[in-house]
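Structural overview
Listed here are the chains, written in short residue letters.
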Amino acid sequence: MKWWTTWKRRRVLRKHRIDEALWRRVVLQLPFIGELARDDAKRLRELTLLFLSEKAITGAHGLVLTDHMRVAIAAQACLPILNLGLDWYDDWVGVVVYAGDFRVRRQDVDASGVVHEWDDALAGEAMPGGPVVLSWESAANAPEMNVVLHEFAHKLDMRNGAADGLPPLHADMDRRRWHAAWQHAYEGFCDALERARDTWLDPYAAEHPSEFFAVLSEAFFEWPQETQRRYPDVYDQLRLFYRQDPAARAKP
Ligand SMILES: [Zn+2]
């Protein structure tokens, strides 16, 4: 059915477009998108349009989504797949947006078999094969993190079965180099955290290698030059994986 998808996408691009003024307003608030070269920006805008036509973005608990919210979410979701293609998101369809952070019920069984339950307040969550859930308040007003890039990085990580910090690598990538770069960086990060040194990245990144991957993916797109300076090997692996070099296009 590849031909049908291609045909459908061409048709969407022919018949629809994102309003120029709206796109400009969205980009103004997302400087890391504003730094894209003209051709890349054009492709991102098209990809955003296709994303909006193929994915259902819905507001939770009656939240009414504006075009601005939809486009801002879709544009950030599409940045990581700009050179990978929308098919990297073909294993799920929905994005659910809450007005603010949302609560999920967690359950865990400890070594002695006792079940523990608690509530977690989240800014975002990505479920394997399921929707991406986002808090709009965090997406729009938390400059120290980018919950949209974060959750979609998890989605890419999950494509090969597990959220483990290892997305499906391209044929021209070296798995050993990937592991060596990430392991070294992760250990260094956890070590710095234990010694209460400045870690630059959100300490939450230490939770699990999958979180480390998601947090560094945010940094890769939002603060590429600093990411490259602090984590050159990880930056290289992310550059190969995302097939983009944001540090080269970013203003110092
Ligand atoms: Zn996460």
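Read on for a plain summary of the structure. The structure presented is a predicted model; accordingly, all values stated were derived computationally and were not measured.

1. Remarks on the overall build of the chain
When helices and strands are counted, the chain shows 12 helices and six strands. Relative to the 2.2 N^0.38 estimate, which gives 18 Å for 252 residues, the radius of gyration of the chain is 19 Å and therefore close to what a compact globule would have. If you line up the chain on its principal axes, its C-alpha atoms span 60 × 40 × 35 Å. Within the span of the chain, comprising 252 residues, buried residues form 45% of the whole. Partitioning the intrachain contacts of the chain with sequence separation of at least 6 by distance along the chain shows that 62% fall at a separation of at least 24. Here the chain displays about 13,600 Å² of accessible surface, and carbon together with sulfur accounts for 50% of that area. If the 32 positive side-chain charges of the chain are averaged to one point and the 38 negative ones to another, these points end up 11 Å apart.

2. With respect to the coordination of the zinc ion
Note on metal sites: the ideal angle is 109.5 degrees for four tetrahedral donors, and 90 or 180 degrees for six octahedral donors. Within the protein, the zinc ion binds to H150 (NE2), H154 (NE2), E211 (OE) and E211 (OE); these donor distances fall in the range 2.0 to 2.7 Å. Classification of the site at the zinc ion rests on its four donor atoms, whose angles at the metal span 52 to 144 degrees, yielding the label irregular. Read in sequence order, the donor residues coordinating the zinc ion give the pattern H-x3-H-x56-E. Of this pair, H150 sits in helix α7 (residues 147–158) while E211 sits in helix α9 (residues 209–222), and the two are 61 residues apart along the sequence. Summarising the burial analysis for this pair, H150 and E211 share the class buried.

3. Examining the environment of D119
Mapped onto the elements, D119 comes out in strand β4 (residues 115–122). For D119, a relative accessible area of 40% puts it in the partly exposed group. Separated by 106 residues in sequence, D119 and Q225 have C-alpha atoms that sit 37 Å apart. Beyond its immediate stretch of four places on either side in the chain, D119 contacts R103, V104 and R105. One polar contact links D119 to R105, side chain to side chain, over a distance of 3.0 Å.

4. Focus on the nonpolar core
Nonpolar side chains in soluble globular proteins tend to be buried together. Of all hydrophobic cores here, the largest spans 70 residues; its most connected members are F51, F212 and Y242. Discounting residues that sit within four places of it in the chain, F212 has contacts with W182, A185, Y186, F189, L201, A205 and Y231.

5. A word on the pattern of salt bridges
Applying the stated criterion across every chain, the model contains 18 salt bridges. The partner of K2 in a salt bridge is D87, and the shortest N-O contact between them spans 3.0 Å. Note that K2 is positioned in helix α1 (residues 2–15) and D87 in the loop between α5 (67–78) and β2 (94–98), a separation of 85 residues in sequence. Between D236 and R239 there is a salt bridge; the shortest N-O distance is 3.2 Å. In this pair, D236 and R239 both sit in helix α11 (residues 232–242), three residues apart, roughly one turn of the helix.

6. Brief notes about the packing of helix α2 (residues 20–29) against α5
One can describe the packing of α2 onto α5 by two numbers: an axis separation of 10 Å at closest approach and a directional angle of 55 degrees. Between α2 and α5, the angle is such that the two are oblique. Relative to α5, the crossing made by α2 is right-handed. The segment α2 lies against α5, with L22, W23, R25, V26 and Q29 engaging D67, H68, V71, A72 and A75. Looking at side-chain class alone, the contact of α2 with α5 contains six nonpolar, two polar and two charged residues.

How each quantity is defined
- Residues numbered from 1 in each chain as written.
- Predicted model: local features only at pLDDT ≥ 70, side-chain atom pairs only at ≥ 80, totals over all residues.
- Heavy atoms only, no water.
- Helix = DSSP H or I, 4+ residues; strand = E, 2+ residues; numbered from the N terminus.
- Rg over C-alpha atoms; globule rule 2.2 N^0.38 Å.
- Buried < 20%, exposed > 50% of the residue type's maximum accessible area, 1.4 Å probe, protein only.
- Contact = heavy atoms within 4.5 Å.
- Areas by Shrake-Rupley, 256 points an atom, 1.4 Å probe, with all protein chains shown as cover.
- Lys, Arg positive; Asp, Glu negative; His and termini not counted.
- Charge placed at Lys NZ, Arg CZ, Asp CG, Glu CD.
- Donors = N, O, S within 2.8 Å, 3.2 Å for Na, K, Ca; no water.
- Tetrahedral: all angles 85-135°; square planar, octahedral: opposite > 155°, others 65-115°.
- Polar contact = N/O pair within 3.5 Å; in protein donor to acceptor, adjacent residues only side chain to side chain.
- Core = buried A, V, L, I, M, F, W, Y, C linked by side-chain atoms within 4.5 Å.
- Salt bridge = Lys/Arg side-chain N within 4 Å of Asp/Glu carboxyl O.
- Axes fitted to C-alpha atoms, helices over the stretch in contact; angles between N-to-C directions.
- Parallel < 35°, antiparallel > 145°, perpendicular 65-115°, else oblique.
- Left-handed = near helix turned anticlockwise from the far one by under 90°.
- Nonpolar A, V, L, I, M, F, W, Y, C, P; charged D, E, K, R; others polar.

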